[in-house]
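# What the coordinates show
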Amino acid sequence: MRSCRWRLFGQSLDEIEPQTVDLRTVVQDVGKKRGVEVAVGPDEVKLEVADALLRFALDSLVETMTENYPTEGTPDLALQLRSTGEAGDRTALISLKGSHLELEGILPEPEKDAVPNQGRMAVFLAKEIIRMHQGHIHAGPGIQGTEILISLRSC
């Protein structure tokens with residue numbers, strides 16, 4: 001089994017062994033923990049991922065976004081999992097939908113000789129973990145309000 005290589009500040013973490021995980025379980029666990037409605041399909045969405053790191057990343061992002069709902073809870077927030085492609089070329093798409101969603105806390109891209117001075121380290125790490133899984137985070141208007149879209153592939 002190959003190992004995920006994660007480069008952060010010149011360091012590599014190559015001892016992480018990916019495992020095949022059904023992402024429906026990961027998304028459902030994060031949604032339950034954060035009190036967010038979850039929609040997953042009946043078909044498995046299996047990818048080779050660093051399970052604990054991916055769970056940390058998704059939980060950190062959802063936690064940051066739910067902070068925009070300090071008093072009313074998260075009534076209109078929803079996580080949705082979809083996938084595209086076939087087995088070896090599968091991409092998982094995780095959407096977080098609702099109002100008042102902001103990717104607050106994500107540090108700006110590093111610049112030469114600059115010191116990061118805003119954002120949260122947990123969200124920065126989440127972004128790097130998603131990148132390790134050949135993924136991206138996109139934010140923008142969706143059909144039912146703001147949507148955050150996270151794409152992931154096997155690491």
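Below, the structure is looked at part by part. (Residues numbered from 1 in each chain as written. Predicted model: local features only at pLDDT ≥ 70, side-chain atom pairs only at ≥ 80, totals over all residues. Heavy atoms only, no water.)

## With respect to the pairing of strand β7 (residues 91-98)
Summarising burial for β7: seven of the eight residues are buried, a large majority. Looking at chain direction, strand β6 (residues 78-84) and β7 are connected through seven bridges and run antiparallel. Paired with A78 across the bridge in β7 is K97. The antiparallel hairpin formed by β6 and β7 contains six residues in its connecting segment, where G85 sits at a positive phi of about 90°. (Buried < 20%, exposed > 50% of the residue type's maximum accessible area, 1.4 Å probe, protein only. Helix = DSSP H or I, 4+ residues; strand = E, 2+ residues; numbered from the N terminus. Pairing = 2+ DSSP bridges.)

## What to know about helix α1 (residues 23-34)
With twelve residues, α1 should reach 16 Å at 1.5 Å per residue; the first-to-last C-alpha distance of 17 Å fits that figure. When α1 is considered as a whole, its buried residues turn out to be L23, R24, V26, V27, V30 and G31. Here the buried residues of α1 occupy an arc of 165° about the axis, which is enough to place them on one side. Those residues of α1 that are exposed and aimed more than 90 degrees away from the buried face are K32 and K33. (Expected span 1.5 Å × (residues − 1). Arc of directions from axis to C-beta.)

## A few points about helix α2 (residues 51-66)
Compared with the 22 Å implied by 1.5 Å per residue over 16 residues, the 22 Å span of α2 between its first and last C-alpha is a close match. Turning to α2, its buried residues number three or more, namely D51, L54, A57, L58, D59, S60, L61, V62, T64, M65 and T66.

## Considering the nonpolar core
One finds L23, L79, I94, L96 and L152 to be the most contacted residues of the largest nonpolar core, which totals 29 residues. If you list the elements that add at least two residues to this core, you get α1, β5 (46-49), α2, β6, β7, α3 (121-132) and β9 (145-152). The element contributing the most residues to this core is α2, with six residues. Not counting residues up to four positions away in its chain, the partners in contact with L96 are V36, V62, M65, L77, A78, L79, L101, T146, E147 and I148. (Core = buried A, V, L, I, M, F, W, Y, C linked by side-chain atoms within 4.5 Å. Contact = heavy atoms within 4.5 Å.)

## Overview of the packing of α1 against α2
Axis separation between α1 and α2 bottoms out at 10 Å; the angle between their running directions is 40°. Considering the angle they form, α1 stands oblique to α2. The two elements α1 and α2 meet at a crossing, and its hand is right-handed. Residue-level inspection shows L23, T25, V26, D29, V30, K33 and R34 of α1 in contact with α2, the latter providing D51, L54, R55, L58, D59, V62 and E63. For the contact of α1 with α2, the per-class residue count stands at six nonpolar, one polar and seven charged. (Axes fitted to C-alpha atoms, helices over the stretch in contact; angles between N-to-C directions. Parallel < 35°, antiparallel > 145°, perpendicular 65-115°, else oblique. Left-handed = near helix turned anticlockwise from the far one by under 90°. Nonpolar A, V, L, I, M, F, W, Y, C, P; charged D, E, K, R; others polar.)

## Brief notes about the packing of α2 against α3
Close contact between α2 and α3 brings their axes to 8 Å; oriented N to C, the two are set at 135°. One element, α2, and the other, α3, form an angle in the oblique class. Two packed elements cross with a definite hand, and for α2 against α3 that hand is left-handed. In contact with L53, L54, F56, A57, S60, L61 and T64 of α2, α3 contributes A122, V123, L125, A126, I129, I130 and M132.

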